[in-house]
Amino acid sequence: AYRENDYLWGRLHGAERMVDLVCSTLSAPISPEHCRSFKRRLFLAILDEEESRLTADPTLVSSLRAEVEAIAG
């Protein structure tokens, strides 16, 4: 369960960093709200993809999904 947790958090963190890099280097400014919305959609896509694969802790994906869905987007 801890390995699945670390794997999933690694994916989410990597995705967040990539969005941060893109948002910070665009020639046309992008609002923080737009970046946050993009991250939210990306996180939900990752959770959708991993939900059926990460089964050691049945609450892992659902608890993270609830946190992500609480992000204003």
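Please refer to the structure placed before this passage.
A. The arrangement of the pattern of salt bridges in detail. Under the criterion given, the structure shown has 9 salt bridges. Note that Lys39 and Glu16 form a salt bridge whose closest N and O atoms lie 3.6 Å from each other. Highlighted residues: Lys39 in helix 2 (residues 32-50) and Glu16 in helix 1 (residues 2-25), separated in sequence by 23 residues. A salt bridge links Arg17 to Asp20, with the shortest nitrogen-to-oxygen separation between them at 3.4 Å. Separated by 3 residues within a single helix, Arg17 and Asp20 lie in helix 1, roughly one turn from each other. A relative accessible area of 26% places Asp20 in the partly exposed class.

B. Geometry of the nonpolar core. Within the largest apolar cluster, 12 residues are counted, these being Leu8, Leu12, Ala15, Phe43, Leu44, Ile46, Leu47, Leu54, Leu60, Val61, Leu64 and Val68. Taken together, the elements giving at least two residues each to this core come down to helix 1, helix 2 and helix 3 (60-69). Not counting residues up to four positions away in its chain, the partners in contact with Phe43 are Leu12, Ala15, Glu16 and Val68.

Rules used throughout
- Residues numbered from 1 in each chain as written.
- Predicted model: local features only at pLDDT ≥ 70, side-chain atom pairs only at ≥ 80, totals over all residues.
- Heavy atoms only, no water.
- Salt bridge = Lys/Arg side-chain N within 4 Å of Asp/Glu carboxyl O.
- Helix = DSSP H or I, 4+ residues; strand = E, 2+ residues; numbered from the N terminus.
- Buried < 20%, exposed > 50% of the residue type's maximum accessible area, 1.4 Å probe, protein only.
- Core = buried A, V, L, I, M, F, W, Y, C linked by side-chain atoms within 4.5 Å.
- Contact = heavy atoms within 4.5 Å.

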